[in-house]
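Chains, contacts and geometry: an overview
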Amino acid sequence: APVVALGIVATIAIGIAATTAIFAVLNAVLIRPLPYPDPDRLISLSHAAPGASTDDVESAPFLYFTERDAKQIFDGVGLWAIGATTVTGLGDPEQVRQVLVTHEILPTLGIAPLLGRAFSAEEDRPESRPTVILMHGYWQRRFASDPSVIGQTLTMDGQPREIVGVMPRSFRFLDFQVDAISSYQLRRADVTVGNYFRSSIARLRPGVTLDAASAEIARLIPVAQHSFPLRPGITREQMESTRLRPNLKPLKAEVIGDVGTTLWVLMTTVGIVLL
């Protein structure tokens, strides 16, 4: 029965192809979404404020300066923020996407540059010369993979930044497409309580659980709130009414978001077709 046989072969072929394709996506997004060493120890060090206008408040510089000293639970804590910048001096002006990071971010993720070096602690200070690390694709596209790019200057938003490194081809910053990683320069003396528009990544020390880390962060939040001056216009009562608390999550869950459920449904569906 050639028609029946052809139908069977076509059904099996579609089932195998669809299952393989969806599993490839599932494997990359859900099973191995973080291409970093020991990814299970990486967490999103976010917070929540049930008494504020929005519950999820991510992180802030005043929390970062307090939490990064919790050496008993963390091997590293870094602050980061995504933004756009305009690059000039390489032909026509170009808007590129960058991530601003404190010097701990790359060591916390466990990734070193392919060329050059990572940021130093001194480069986090506003009085230091601004620096930048190029993503591999941008280095290829704008500098033709020239290894002598290290030490050159890249003008970003009118500010010259020294190029100190180039990231490996395989590196990606979470699920963001960025062209450059710039040093995030903060002066501790200028930090106030508030400005919850930053994100933070931490690496748990071996053996430390998420619950233990949450308990320690809950202890540190009042310390942070009383260690820095209040932002102008904010009273101590208003600050305490937000009821700031930890909302730590595995970094894997933060990157995947709600797409995990959709992918599992698709995998189940194509599995049924194959079956």
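The following refers to the structure shown. Since the model is a prediction, treat every value here as computed from it, not as a measurement.

The next subject is the pattern of salt bridges. A full pass over the atoms with the stated rule returns 12 salt bridges. The shortest N-O distance in the salt bridge between D190 and R187 comes to 3.0 Å. Because the salt bridges share partners, they merge into one network encompassing D38, R41, D75 and R205.

To continue, consider the packing of aromatic side chains. Enumeration according to the criterion identifies 5 aromatic pairs in this entry. A centroid spacing of 5.0 Å and a plane angle of 55° characterise the contact between Y64 and F65, whose relative ring orientation is tilted. For Y64, a relative accessible area of 1% corresponds to the buried category. Linked through ring pairs, Y64, F65 and F228 together constitute an aromatic cluster.

Let us look at the nonpolar core. Within the largest apolar cluster, 30 residues are counted, with the highest numbers of intra-cluster contacts made by L45, F62, L63, I73, F74, A213 and I217. Contributing elements (two or more residues each) for this core: α2 (61-67), β4 (74-88), β11 (199-204) and α5 (210-227). Here this core gets 5 residues from one element, more than from any other, and that element is α5. Residues within four places of I217 in sequence aside, it is in contact with L45, H47, E67, I73, F74, P246 and L248. W80, V99, L109 and V178 belong to the second-largest nonpolar core, a separate cluster that totals 23 residues.

With that settled, consider the side chain of T19. Its place among the elements puts T19 in helix α1 (residues 2-31). From its side chain, T19 meets the backbone oxygen of V270 in a polar contact 3.5 Å long. Setting aside residues no more than four positions away along its own chain, T19 makes contact with M267, V270, G271 and L274.

The next point concerns the environment of A18. Structurally, A18 is set in helix α1. Take A18: its relative accessible area is 25%, and that puts it in the partly exposed class. Sequence-wise, A18 and G158 are 140 residues apart; in three dimensions their C-alpha atoms are separated by 49 Å.

This brings us to helix α4 (residues 136-143). If you check which residues of α4 are buried, you get H136, Y138, W139 and F143. The arc enclosing the buried residues of α4, seen along the axis, measures out at 165°, which places them on a common side. A positive phi of about 50° marks A144, the residue just after α4.

Our focus in this paragraph is a nonpolar patch on the surface. Together, V4, I8, I12, I16 and L274 make up a nonpolar patch on the protein surface, roughly 430 Å² of accessible area in all. Looking at the nonpolar patch element by element, the count peaks at 4 residues for α1. Tracing the backbone shows L274 in helix α8 (residues 259-274). On the basis of relative accessibility, which here comes to 39%, the residue L274 falls in the partly exposed class.

The rules we used
Residues numbered from 1 in each chain as written. Predicted model: local features only at pLDDT ≥ 70, side-chain atom pairs only at ≥ 80, totals over all residues. Heavy atoms only, no water. Salt bridge = Lys/Arg side-chain N within 4 Å of Asp/Glu carboxyl O. Phe/Tyr/Trp six-rings, centres within 6.5 Å; stacked < 30°, edge-to-face > 60°. Buried < 20%, exposed > 50% of the residue type's maximum accessible area, 1.4 Å probe, protein only. Core = buried A, V, L, I, M, F, W, Y, C linked by side-chain atoms within 4.5 Å. Helix = DSSP H or I, 4+ residues; strand = E, 2+ residues; numbered from the N terminus. Contact = heavy atoms within 4.5 Å. Polar contact = N/O pair within 3.5 Å; in protein donor to acceptor, adjacent residues only side chain to side chain. Arc of directions from axis to C-beta. Patch = residues over 30% accessible without salt bridge, like charges linked within 9 Å, V, L, I, M, F, W, Y side chains within 5 Å. Areas by Shrake-Rupley, 256 points an atom, 1.4 Å probe, with all protein chains shown as cover.

Just distances and angles here, no functional claims.
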